[in-house]
Amino acid sequence: MSETTHDGTVAVSPPVSPDDGLTPARLAAKYGLSVSGARPSLAEYVRQLVGRRHFILAFSSAKLTAQYSQAKLGQLWQVATPLLNALVYYLIFGLILKAGRGMPREVYIPFLVTGVFVFTFTQSSVMAGVRAISGNLGLVRALHFPRASLPISFALQQLQQLLFSMIVMFAVVMAFGSYPALSWLLIVPALALQFLFNTGLAMIVARMGAKTPDLAQLMPFIMRTWMYASGVMFSIPVMLKEQPGWVADVLQWNPAAVYMDLIRFALIDGYGSGNLPPHVWVVALGWAVLFAAGGFVYFWKAEERYGRG
């Protein structure tokens, strides 16, 4: 379009664009554009995670291999660390404080070793999860992938480490008179439920740690308190028999104690069902579903904010 001005020259006006007047949101919708790094729908997020399953497995295996690569004993520290912890706890709690009262020695030592190994699984998953985002910002900012891959892979790494170290745990249990039986098969569903719980908890602390990196400094104190409250070194009903009944119930129903007791019940002949809280499998399933589903949704809701700032 053109028009003649007062001095006789011809002015050409720019053509009218069909996009004039459209808001940025309508322009994006018109041309099929999306926000970079936007959070996908929950169903799409799950689909992306399934597509990254090989990355999750490879990343967890690589982290496990590299964890002790600088140590001369290498992967043996996966077994030696919880075993040495169990030895220290036995010397202090078993011999000095007599925390094993009510249990014979051939039950208490497997009880203690199993508790240390199983609680370490949860403890290590949480400690790795809290740094899953904040400790891998270079990877998060450089590549586009579902961020939940990181806490899941760290929880999977700790599961692999536990499975490797369970060889020693089995040896200790058998050395004190508890031999393989059908009840040992209960370890499989108990560990599966604990893994789901650990993964959900790792995703919760991963989101919290991404926003507040100082949480990683506080977490060891939280985990130590949780360990002492979960009956790793003593039987909760025996030690708290003089306290109100609800105190022992609350401590026995906390998830760390539930999963430890299930595996102790499966492995140790002298640790019968009377040591377990009522409806223990229902409680174990409830904790696993609650934290796995709730932790996943909680982590997904902040997907677009990870690595920003």
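Residues numbered from 1 in each chain as written. Predicted model: local features only at pLDDT ≥ 70, side-chain atom pairs only at ≥ 80, totals over all residues. Heavy atoms only, no water.

Novice: Would you mind going over the overall build of the chain with me for this structure?
Specialist: Each helix and strand counted, the chain has 13 helices and two strands in total. Sequence-distant contacts, at least 24 apart, represent 76% of the contacts inside the chain between residues at least 6 apart. Of the accessible surface of the chain, which amounts to about 16,400 Å², a share of 67% is contributed by carbon and sulfur atoms. (Helix = DSSP H or I, 4+ residues; strand = E, 2+ residues; numbered from the N terminus. Contact = heavy atoms within 4.5 Å. Areas by Shrake-Rupley, 256 points an atom, 1.4 Å probe, with all protein chains shown as cover.)

Novice: Would you take a moment to explain empty space enclosed by the protein for this structure?
Specialist: Where empty space is left can be seen by rolling a probe of water-molecule size over the atoms. Across all of its chains, the model carries one cavity of 30 Å³ or more by this definition. As a volume, the largest cavity reaches approximately 50 Å³. As for the largest cavity, its lining consists of 13 residues, and the residues nearest its centre are Phe234, Ile236, Asp261, Arg264 and Tyr271. Every element with two or more residues in the lining of the largest cavity is listed here: helix H10 (236-239) and helix H12 (255-267). Take the lining of the largest cavity: its biggest share by element is three residues, from H12. (1 Å grid on protein atoms, 1.4 Å probe; cavity = no way out; pocket = protein on both sides within 12 Å on 5 of 7 lines; lining within 4 Å. Points joined across faces, edges and corners; volume = space filled by probe spheres on them.)

Novice: Hey, could you run me through the packing of aromatic side chains in this one?
Specialist: Two descriptors summarise a pair of aromatic rings, namely the distance from one centre to the other and the angle between the planes of the rings. Inspection of the entire model under this criterion finds 14 aromatic pairs. Look at Phe111 and Tyr271: their rings are 5.6 Å apart centre to centre, the planes differ by 50 degrees, and that puts the pair in the tilted class. Residue Phe111 is found in helix H5 (residues 105-130), and its partner Tyr271 is found in the loop between H12 and helix H13 (280-300); the two are separated by 160 residues along the sequence. Accessibility expressed as a relative area gives 1% for Phe111, which makes it buried. Taken together, the ring pairs in this structure connect Phe119, Phe197, Trp226, Tyr259, Trp287 and Phe291 into an aromatic cluster. (Phe/Tyr/Trp six-rings, centres within 6.5 Å; stacked < 30°, edge-to-face > 60°. Buried < 20%, exposed > 50% of the residue type's maximum accessible area, 1.4 Å probe, protein only.)

Novice: I'm lost on the nonpolar core in this one. Help?
Specialist: With 85 residues, the main nonpolar core has Tyr108, Phe119, Ala148, Met233, Leu267 and Phe299 as its most contacted residues. The residues touching Met233, leaving out its near neighbours within four places in the chain, are Tyr89, Phe93, Ala99, Tyr108, Phe111, Leu112 and Tyr228. (Core = buried A, V, L, I, M, F, W, Y, C linked by side-chain atoms within 4.5 Å.)

Novice: Teacher, can you tell me more about a nonpolar patch on the surface here?
Specialist: Where nonpolar side chains cluster on the molecular surface, the patch consists of Leu84, Leu87, Val88, Leu91, Ile92, Leu95 and Ile96 and spans about 620 Å² of accessible area. Residue placement: Ile96 occurs in helix H4 (residues 77-96). Overall, the relative accessible area of 62% leaves Ile96 in the exposed class. (Patch = residues over 30% accessible without salt bridge, like charges linked within 9 Å, V, L, I, M, F, W, Y side chains within 5 Å. Salt bridge = Lys/Arg side-chain N within 4 Å of Asp/Glu carboxyl O.)

Novice: What's the story with the packing of H12 against H13 in this structure? I'm lost.
Specialist: Any two packed helices are characterised by the angle at which their axes cross and by the distance between the axes. Remark: H12 packs on H13, axes separated minimally by 10 Å, with the N-to-C direction vectors making an angle of 130 degrees. In terms of their interaxial angle, H12 and H13 are classed as oblique. Crossing of H12 against H13: the hand is left-handed. Each of Pro255, Val258, Tyr259 and Leu262 in H12 lies in contact with H13, whose residues at this interface are Val280, Trp281, Val283, Ala284, Trp287 and Ala288. (Axes fitted to C-alpha atoms, helices over the stretch in contact; angles between N-to-C directions. Parallel < 35°, antiparallel > 145°, perpendicular 65-115°, else oblique. Left-handed = near helix turned anticlockwise from the far one by under 90°.)

Novice: Would you mind going over the side chain of Ser153 with me for this structure?
Specialist: Mapped onto the secondary structure, Ser153 falls in helix H7 (residues 149-175). Apart from the residues within four sequence positions on either side, Ser153 is in contact with Ile56, Phe59 and Ser60.

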